[in-house]
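For reference, the chains in residue letters:
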Amino acid sequence: MINDNEMVVTNADGVEVTLKILFTFDNEERKSSYVVLCDPNNEDEIMVFGYNEDDEEYSECEEVVNCYLEDPKFNEIKQ
């Protein structure tokens, strides 16, 4: 976080990008929180990031990441 209205993230190319925080919201049923961001240079591109996921969501994310890491194509790129 830079301040209450901006966040720095690293994009897929490894470049740090400062994004504008539009708003945050909570889903009490899921016990999850989200932040809605945009690139100040391209406010048409909206991104949503979740955090405070529950155990089920975390397990699902972990499974997806593990599948990605085990993908032979990814392993070729890593080497």
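A.B. asks: I tried to follow the packing of aromatic side chains on my own but got confused; where do I start?
C.D. replies: Any aromatic ring pair is given by two values, namely how distant the centres are and how the planes are angled relative to each other. With the rule as written, the count across this model stands at 2 aromatic pairs. A ring pair is formed by F23 and F25, whose centres lie 6.1 Å apart and whose planes are at 40°; its orientation type is tilted. Arranged with centres 5.0 Å apart and planes meeting at 20°, the rings of F25 and Y34 form a pair that is stacked. On the basis of relative accessible area, F25 is assigned to the partly exposed category, the value being 36%. Put simply, the rings of F23, F25 and Y34 touch in pairs and so form one group of aromatic residues.

A.B. asks: Help me understand the sheet that holds strand 2 (residues 16–27) in this model?
C.D. replies: Each strand in a sheet pairs with its neighbour through backbone hydrogen bonds, running either in the same direction (parallel) or in the opposite one (antiparallel). Across the sheet, 4 strands lie side by side as 1-2-3-4; this open sheet has antiparallel pairing. A single partner strand is all that each edge strand has here, and the edge strands are strand 1 (6–10) and strand 4 (42–51). Averaged over all neighbouring strand pairs, the angle between strand axes comes to 40°, with direction disregarded. In the sheet, strand 1 pairs with strand 2 via 5 bridges, with the strands oriented antiparallel. Opposite M7, over in strand 2, you have L19 as the bridge partner.

A.B. asks: Got a minute to help me understand the confidence of the model for the protein in this structure?
C.D. replies: If pLDDT is low for a region, its predicted coordinates should not be looked at in detail. Across the protein, the average pLDDT comes to 81, with 86% of residues at or above 70. When the elements of the protein are averaged for pLDDT, helix 2 (residues 72–78) gives the smallest value, 62, and strand 1 the largest, 90.

A.B. asks: Hey, could you run me through the environment of K20 in this one?
C.D. replies: With respect to the element layout, K20 can be found in strand 2. Between the alpha carbons of K20 and V8 there is a distance of 8.9 Å; along the sequence they are 12 residues apart. Dropping the residues within four chain positions of it, K20 is found in contact with N5, V36, L37, C38, P40 and E43.

A.B. asks: Looking at this structure, how should I read the environment of N27?
C.D. replies: Along the chain, N27 turns up in strand 2. Its relative accessible area of 26% is what places N27 among the partly exposed residues. Those residues in contact with N27, other than ones at most four positions away along the chain, are S32 and Y34. At a separation of 3.0 Å, a polar atom in the side chain of N27 contacts the main-chain amide nitrogen of E29.

Calculation notes
- Residues numbered from 1 in each chain as written.
- Predicted model: local features only at pLDDT ≥ 70, side-chain atom pairs only at ≥ 80, totals over all residues.
- Heavy atoms only, no water.
- Phe/Tyr/Trp six-rings, centres within 6.5 Å; stacked < 30°, edge-to-face > 60°.
- Buried < 20%, exposed > 50% of the residue type's maximum accessible area, 1.4 Å probe, protein only.
- Pairing = 2+ DSSP bridges.
- Helix = DSSP H or I, 4+ residues; strand = E, 2+ residues; numbered from the N terminus.
- Axes fitted to C-alpha atoms, helices over the stretch in contact; angles between N-to-C directions.
- pLDDT = per-residue confidence, 0-100.
- Contact = heavy atoms within 4.5 Å.
- Polar contact = N/O pair within 3.5 Å; in protein donor to acceptor, adjacent residues only side chain to side chain.

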